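Coordinates in review
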Amino acid sequence: MAGPYDVPHFQAGKSGMCSSFKNSTASGSCDSNYSGAVWYYMVIFVIAQFIHGAGVCPLYPLVPAYLDENVEPRQMPIYLGLWYLSSFLGPGIGALLGGQFLSVFVDIEQPSGLNLTPKDPRWIGAWWLGFLVFGLLFFLLAITISGFPSSLPGAKERREKHIRQGNLNKKSDIKEARLKEILPELKSLLLNRTLLFNTLGVSVGLIFIGSLIPFLGKILQLKFGLDSVKNGYLLSAVMTPTIMGM
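- The name an unreviewed UniProt entry assigns to the protein chain is Solute carrier organic anion transporter family member 4A1-like, from the organism Paramuricea clavata.

If you want it as structure tokens, here you go:
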């Protein structure tokens, strides 16, 4: 994911910086060519976000299914809890490290004659650095995950054992999914009040968090004068228990 997200930074280069960095006031105007190309970079961000979502979302249904096929039933809650715990801690750690990255100037080194600090309203941190670092880590993890076998050692024996005990159905008894059965199955899920209201409750909570988090960092900086590092610490402290409480 480093590539799509970092394209605007590397393509615009230092020539795309606003001229306000060249003087002591914050009222400078951006280069006209750069301003007209904002839509182009926005499209890149949208495409990158789409690819990111398409790559991350399959983990949530596939990982529990993979664990269910390869782990003892009595151990399943432990593995599943660790999986969801790591996914909940990730955003908090990301906010913490993001604050560290934003404490670095966007071009790593400031131009000559410029001595801005993270508290300066004209400061732009190295927002692209996190995508580059974690993108490389994701690439290495993707290679590792792609090497996983379809079933872990001992999974077949455990499945046969549970079939003999009557805890699992035989493969011949498993109902095959068909396209024409999607709508009836969807209707049965929507008529399940417990599932429906639980899903709505989680969705409302995520909508609230999703609408608050993007603006909370900027509010903390403008209203309380926090720099990027302290902002990241505070966001991490707020986000982690909040998301875990969901």
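What about the nonpolar core?
- Counting nine residues, the largest nonpolar core is built from Phe101, Phe105, Val106, Leu114, Leu116, Trp123, Ala126, Trp128 and Leu129.
- Ignoring any residue separated from it by four or fewer positions in sequence, one finds Phe101 in contact with Gly125, Ala126, Leu129, Gly130, Val133 and Phe134.
- Residues Val63, Leu67, Val71 and Met76 belong to the second largest nonpolar core, which totals five residues.

Description of the packing of aromatic side chains
- Applying the stated criterion to the full structure yields five aromatic pairs.
- Centre to centre, the rings of Trp83 and Tyr84 are 6.3 Å apart; their planes meet at 55 degrees, and the pair counts as tilted.
- Accessibility expressed as a relative area gives 18% for Trp83, which makes it buried.
- Taken together, the ring pairs connect Tyr60, Trp83 and Tyr84 into an aromatic cluster.

Focus: helix H5 (residues 76-102)
- The end-to-end C-alpha distance of H5 is 39 Å, a good match for the 39 Å that 27 residues give at a rise of 1.5 Å each.
- The largest bend in H5 is about 30 degrees, located at Gly90, with the proline Pro91 one to four residues further on.
- Inspection of H5 places Met76, Trp83, Ser87, Gly92, Ala95, Gly99 and Phe101 among the buried residues, and these make up the whole buried set.

A short note on the packing of helix H4 (residues 59-70) against H5
- The interhelical angle for the contact between H4 and H5, taken along N-to-C directions, is 155 degrees, at an axis separation of 10 Å. As summarised for this structure, H4 and H5 are arranged roughly antiparallel, according to the angle between their axes. Our pair here, H4 against H5, has a crossing hand that is right-handed. Contacts from Leu59, Tyr60, Val63, Pro64, Leu67 and Asp68 in H4 reach Met76, Tyr79, Leu80, Trp83, Tyr84 and Ser87 in H5.

Some words on unusual backbone geometry
- A positive phi angle is found at Ile108, which is not glycine, with a value near 70 degrees.
- On the secondary structure map, Ile108 appears in the loop between H5 and helix H6 (127-146).

Details of the packing of H5 against H6
- Running from N to C, H5 and H6 cross one another at 125 degrees; their axes reach a closest spacing of 7 Å. One element, H5, and the other, H6, form an angle in the oblique class. Where H5 crosses over H6, the two elements pack in a sense that is right-handed. Seen from H5, the contacting residues are Leu97, Phe101 and Leu102; seen from H6, they are Trp127, Leu129, Gly130, Val133 and Phe134.
- By residue class, the composition of the contact of H5 with H6 is seven nonpolar, one polar and no charged.

Remarks on helix H9 (residues 193-224)
- For H9, which comprises 32 residues, the first-to-last C-alpha distance of 44 Å matches the rise-based estimate of 46 Å (1.5 Å per residue) to within 8%.
- Its maximal kink placed at Phe215, H9 deviates by approximately 35 degrees.
- When H9 is considered as a whole, its buried residues turn out to be Gly205, Ile209, Leu216, Gly217 and Leu220.
- Its side-chain oxygen placed 3.2 Å from the backbone nitrogen of Thr194, Asn192 serves as the N-cap of H9.
- Phi for Gly225, located one or two positions after H9, is positive at around 65 degrees.

Some details on the side chain of Asn70
- Summarising the element assignment, Asn70 is placed in helix H4.
- Within the local environment of Asn70, its side chain forms a polar contact with the backbone oxygen of Tyr66, the two atoms lying 2.7 Å apart.
- Not counting residues within four places of it along the chain, the set of residues in contact with Asn70 comprises Ser150, Ser151, Leu152, Ala155 and Arg158.

Some points on the environment of Pro91
- Take Pro91: it is sitting in helix H5.
- Along the sequence, Pro91 and Leu235 sit 144 residues apart, while their C-alpha atoms lie 9.5 Å from each other.

Calculation notes
- Residues numbered from 1 in each chain as written.
- Predicted model: local features only at pLDDT ≥ 70, side-chain atom pairs only at ≥ 80, totals over all residues.
- Heavy atoms only, no water.
- Core = buried A, V, L, I, M, F, W, Y, C linked by side-chain atoms within 4.5 Å.
- Buried < 20%, exposed > 50% of the residue type's maximum accessible area, 1.4 Å probe, protein only.
- Contact = heavy atoms within 4.5 Å.
- Phe/Tyr/Trp six-rings, centres within 6.5 Å; stacked < 30°, edge-to-face > 60°.
- Helix = DSSP H or I, 4+ residues; strand = E, 2+ residues; numbered from the N terminus.
- Expected span 1.5 Å × (residues − 1).
- Bend = angle between axes of the 7 residues up to and from the residue.
- Axes fitted to C-alpha atoms, helices over the stretch in contact; angles between N-to-C directions.
- Parallel < 35°, antiparallel > 145°, perpendicular 65-115°, else oblique.
- Left-handed = near helix turned anticlockwise from the far one by under 90°.
- Nonpolar A, V, L, I, M, F, W, Y, C, P; charged D, E, K, R; others polar.
- Polar contact = N/O pair within 3.5 Å; in protein donor to acceptor, adjacent residues only side chain to side chain.

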